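# Survey of secondary and tertiary structure
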Amino acid sequence: MKKILAVIGALIVVLVAALLIIPSLIDWNGYKAQISKAVRDATGRELVLNGDLSMSLIPSPSLSASQVMLSNLPGAQDAQMVSIEEARVSVALMPLLTGNVQVTEVSLIDPVIAIETFEDGSNNLVFNPGEVARSGPDAGTITMPETGTQAPATRQDGASETESSTGSDFASTIKIDRLEIENATIIYRAPGSEERIEGLTIGVSADSLNGPLDGEGYVFYRGIPLTFGFDVGQISQTEPFPVSLKVGVDKVDGGVTVAGRVDLASNNPGFDGQIKGNFDDLREAALRIAGDGADIPDIAAKPLDLGGHIAANAKSITLNDLSIRFGETRGSGAIAIDQEPSMR
């Protein structure tokens, strides 16, 4: 019996040692060309891996890469659409054996994403290895090349039944324990304008790629230090699903919360819900936003509360049943913002 236990113990030691040693003996950098080709075939863009690739199997399968870059469209201001200083992905081993993917960690360090809209209305969010659609419903999608096979049946909304169900089923098998993004920069450019979001640090947990998911983070927008947290329900293309977002100013008591439901099934997708906001000291919040040297009158050192119904889509935002209380002063009204903002 002791000999059997000793043999089993020795086998376990050898197996663990193999799992630790074998990945380090493989030159994972030799796979860079294959990875780049796969990305190019799928997206039409060049993936450059300037840093080292490494992989380990203990305690869980994980892959890391450094100095990763994805090329931009010709004519864009930035040569690279995406650059990441370091990326790490870890998955749980046992769920893989049942056909599920449980991502235990995704970590992106110092990513920079450049989004650009061009003069003709097209943008660089279209990934097509063949002819890039310049505008229309394909914008922002990854289009695979034609295979010559018969096209699957389509629904009335134009989506493929097979594509929709397959994509949804696959997304539902992927669980993300934690996504961490550290010090991200997002740049949006349009003719004559540029917006930058800097210092974005965010943590997200998701039951699947279709949700539910929740997260929290920190970001600088136009120099303003903002904190945020969000919750998203099961994402659906056929019925409304719940979402909520709370945004605050760093080191300031209070914030603004928007909660309601997103409807992607209608011809005019949009959001419908409630908005609530409160700041214990409006002057303190204003100083944090404008800077300590800003000339904010002492009369602003009062609490602010607001609430109302909000509806939004791609064309307009409306605030109805709006109530505002600033100190002892109260007000109500409605706001409509569309092609020509108006106030009533």
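Keep in mind the model is a prediction, meaning the values are calculated, not measured.

## Focus: the overall build of the chain
- A count of helical and extended segments in the chain gives five helices and 17 strands.
- Summarising the internal contacts of the chain: among those between residues at least 6 apart in sequence, 40% fall at separations of at least 24.
- Total accessible area on the chain stands at roughly 21100 Å², and carbon and sulfur atoms take up 59% of it.

## Observations regarding the pairing of strand β16 (residues 329-337)
- Sheet topology note: the strand β15 (residues 317-326)/β16 ladder contains eight bridges and is antiparallel. By the bridge assignment, S323 is partnered in β16 with S332.

## Regarding helix α5 (residues 282-290)
- The backbone nitrogen of R283 lies 3.0 Å from a side-chain oxygen of the residue at the head of α5, namely D281.
- Looking one or two residues beyond α5, the residue adopting positive phi is G291, at roughly 110 degrees.

## So, unusual backbone geometry
- Here G211 and P212 are connected by a cis peptide whose omega angle stands at -5 degrees.
- Looking at the element boundaries, P212 is found in the loop between β8 (193-206) and β9 (213-221).
- At K251, a position not held by glycine, the phi torsion is positive, near 65 degrees.
- Within the secondary structure, K251 sits in the loop between β11 (241-249) and β12 (254-263).

## Overview of the side chain of R45
- Checked against the element boundaries, R45 lands in the loop between α2 (32-43) and β1 (47-49).
- Although buried, R45 forms no salt bridge, and the nearest oppositely charged side chain, E46, lies 9.9 Å from it.
- A distance of 3.1 Å separates a polar atom in the side chain of R45 from the backbone oxygen of V126.
- Residue contacts for R45: discarding those within four places in its chain leaves V39, R40, L70, S71, N72, L73, M81, N124, V126 and F127.

## What to know about the confidence of the model for the chain
- Per-residue confidence for the chain gives a mean pLDDT of 81; residues scoring 70 or more make up 78%.
- Low confidence marks residues 131-164, where pLDDT is under 50. Its contacts with residues over four positions away, or in another chain, come to 36 contacts.

## Overview of the environment of I84
- On the secondary structure map, I84 appears in strand β4 (residues 80-91).
- With relative accessibility at 15%, the residue I84 sits in the buried group.
- C-alpha of I84 to C-alpha of L108: the two residues are 24 residues apart in sequence and 6.8 Å apart in space.
- If we ignore the near neighbours within four places in the chain, the residues touching I84 are S66, Q67, V68, L108, I109, D110 and P111.

## Quick look at the pattern of salt bridges
- All told, the structure shown has 13 salt bridges when counted by the stated rule.
- For R88, the salt bridge goes to E86, with nearest N and O atoms at 2.9 Å.
- Of the residues examined, R88 reaches a relative accessible area of 30% and is grouped as partly exposed.
- Owing to a relative accessible area of 30%, E86 belongs among the partly exposed residues under this scheme.
- The shortest N-O distance in the salt bridge between E195 and R222 comes to 2.3 Å. Taken as a pair, E195 in strand β8 and R222 in the loop between β9 and β10 (224-232) lie far apart in primary sequence, 27 residues in all.
- Under the relative-accessibility criterion, E195 is labelled partly exposed at 27%.
- Judged by its relative accessible area of 60%, R222 is exposed.
- Each of the salt bridges in this network shares a partner with another, and the network as a whole consists of D78, R189, E194, R196 and E198.

## A word on the packing of aromatic side chains
- In the structure shown here, the tally under the stated rule is two aromatic pairs.
- An angle of 75 degrees between the planes, with centres 5.5 Å apart, marks the rings of Y218 and F220 as edge-to-face.
- The exposure class assigned to F220 is partly exposed, which follows from its relative accessible area of 34%.
- Each ring, one from F228 and one from F230, has its centre 6.4 Å from the other, and the planes form 15 degrees; the classification is stacked.
- A relative accessible area of 16% means that F228 is categorised as buried.

## What about a nonpolar patch on the surface?
- Taken together, M55, L57, I58 and L63 make up a surface patch of nonpolar side chains, about 290 Å² in accessible area.
- Looking at the element boundaries, L63 is found in strand β3 (residues 62-71).

## Remarks on the environment of G223
- If you trace the backbone, G223 turns up in the loop between β9 and β10.
- For G223, a relative accessible area of 55% gives the class exposed.
- Distance from G223 to E198, taken between C-alpha atoms, is 8.5 Å for residues 25 residues apart in sequence.

## Observations regarding α2
- For α2, with twelve residues, the first-to-last C-alpha span of 16 Å sits near the 16 Å given by 1.5 Å per residue.
- Among all positions in α2, only K32, S36 and T43 are buried. Here the buried residues of α2 occupy an arc of 50 degrees about the axis, which is enough to place them on one side. Exposed and oriented more than 90 degrees from the buried face of α2 are A33 and Q34.
- Those residues of α2 that are buried are in contact with β1 and β2 (53-56).
- Directly beyond the C-terminal end of α2, a positive phi value near 80 degrees is found at G44.

Definitions and limits used
- Residues numbered from 1 in each chain as written.
- Predicted model: local features only at pLDDT ≥ 70, side-chain atom pairs only at ≥ 80, totals over all residues.
- Heavy atoms only, no water.
- Helix = DSSP H or I, 4+ residues; strand = E, 2+ residues; numbered from the N terminus.
- Contact = heavy atoms within 4.5 Å.
- Areas by Shrake-Rupley, 256 points an atom, 1.4 Å probe, with all protein chains shown as cover.
- Pairing = 2+ DSSP bridges.
- Polar contact = N/O pair within 3.5 Å; in protein donor to acceptor, adjacent residues only side chain to side chain.
- Buried < 20%, exposed > 50% of the residue type's maximum accessible area, 1.4 Å probe, protein only.
- Lys, Arg positive; Asp, Glu negative; His and termini not counted.
- Salt bridge = Lys/Arg side-chain N within 4 Å of Asp/Glu carboxyl O.
- pLDDT = per-residue confidence, 0-100.
- Phe/Tyr/Trp six-rings, centres within 6.5 Å; stacked < 30°, edge-to-face > 60°.
- Patch = residues over 30% accessible without salt bridge, like charges linked within 9 Å, V, L, I, M, F, W, Y side chains within 5 Å.
- Expected span 1.5 Å × (residues − 1).
- Arc of directions from axis to C-beta.

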